[in-house]
Amino acid sequence: MPIDRLAPETIRAILQGGPRPSTAYDLARLYLRISKPDEAVVKLKAIKTPQPGDEQIRLIIERWASKQATPADAIHVAGLLYQGHDDADVAERVCIDATARFPQAPDPHLCAGQIAMARDQLVVAMREFEAARQLQPGNREIWQQLAGLWERRLFALVSDETLDVGQLEPQLQKVEAFHAAAQKQFPGEALKPTLAGALFAVGRGYYNVGHIDKAMEYFDRSVATEPSAMVLEQMGQIRLKKGEAKEALALFERAVALPKSEKGDELVWRAKLGRERADAHELLGDKDAIETARKAALADWDTL
């Protein structure tokens, strides 16, 4: 098999079949961690008793270190380091090195962004995906990755015990501007995830600090953008706590009726919301409805 088509998984299988750990792999990750692939090649060539797979590793690193290297060569090296090893940081370093070496190529930025995202380095991931978006603005997948990262960043912000509620709306304005730019780039075709998740996150932030009316405002906006069982349930719980059983029941019923992506999800939500519907019926004093809702919920939980 030509070396440029040799998958990292194949090399890994060869390495794992060797009688002892691969010196070539250990040397490669050591020198790549400090961005010195050329020195790695020198050390790899000096190995006197190579193990199975060592030669393939040397050729991969040699290609990345050469003047003829391409972005794909860097990603090949990163794949070898990332999959199945505790060397994601080195893989990310290789991709970042490639962004400097190939400043007009989006793929190294995408590589670095994907690894950073998997490592929960949200700021780094956003920086890399944004750089890729600037280089390839027509790539919808990049926009969607960024939409997901903006949403994750907002949820991380509202989960912080030291949340400054004053940060919520300025952050949301940035997300809204991003989605507005996406609408111009892809008219009539909303990104996934939509703005609904970001609006829910802001609502959760206000809810966590006790600003219930403000929270409901953003929950309403979230549902208007894209209905979600999670948001409708949260709204129903708030209405129930305020003694507004009729309004709460309508929200729970709406959450149950929403189409779910999988049959299992449908059952989970039906069971979960069945109990909450029973609580609403109890507040309304409807004994028959209470019994029916609770029996149905118990049956769904038994099935689960």
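Reading the values: the criteria
- Residues numbered from 1 in each chain as written.
- Predicted model: local features only at pLDDT ≥ 70, side-chain atom pairs only at ≥ 80, totals over all residues.
- Heavy atoms only, no water.
- Disulfide = S-S within 2.5 Å.
- Helix = DSSP H or I, 4+ residues; strand = E, 2+ residues; numbered from the N terminus.
- Phe/Tyr/Trp six-rings, centres within 6.5 Å; stacked < 30°, edge-to-face > 60°.
- Lys NZ or Arg CZ within 6 Å of the ring centre and 35° of its normal.

Participant: Could you clarify how one ought to interpret the state of the cysteines in this entry?
Facilitator: Any covalent bond linking the sulfur atoms of two cysteines counts as a disulfide. In total, this model carries one disulfide according to the counting rule given. Here cysteine 95 is linked by a disulfide to cysteine 111, with a sulfur-sulfur distance of 1.9 Å. Within this pair, whereas cysteine 95 is found in helix 6 (residues 88-101), its partner cysteine 111 is found in helix 7 (residues 106-118), the two being separated by 16 residues in sequence.

Participant: Help me understand the packing of aromatic side chains, please; the structure alone is not making it clear to me.
Facilitator: Note on aromatic pairs: each is described by the distance of the centres and the angle between the planes. This model, assessed by the stated rule, comprises six aromatic pairs. Geometrically, the ring pair formed by phenylalanine 155 and phenylalanine 200 is edge-to-face, given 6.0 Å between the ring centres and 65 degrees between the ring planes. Of the two residues, phenylalanine 155 is situated in helix 9 (residues 140-159) and phenylalanine 200 in helix 11 (residues 196-208); the sequence distance between them amounts to 45 residues. Measuring from ring centre to ring centre gives 5.7 Å for tyrosine 206 and tyrosine 218, while their planes differ by 15 degrees; the resulting arrangement is stacked. Of the two residues, tyrosine 206 sits in helix 11 while tyrosine 218 sits in helix 12 (residues 212-225), which places them twelve residues apart along the sequence. Three or more aromatic residues link up through ring pairs in this structure, and these residues are Trp143, Phe178 and Phe186. Over the face of the ring belonging to tryptophan 64 we find arginine 101, whose NZ or CZ atom lies 5.0 Å from the ring centre. The ring of phenylalanine 186 carries the charged tip of arginine 140 above its face, separated from the ring centre by 5.4 Å.

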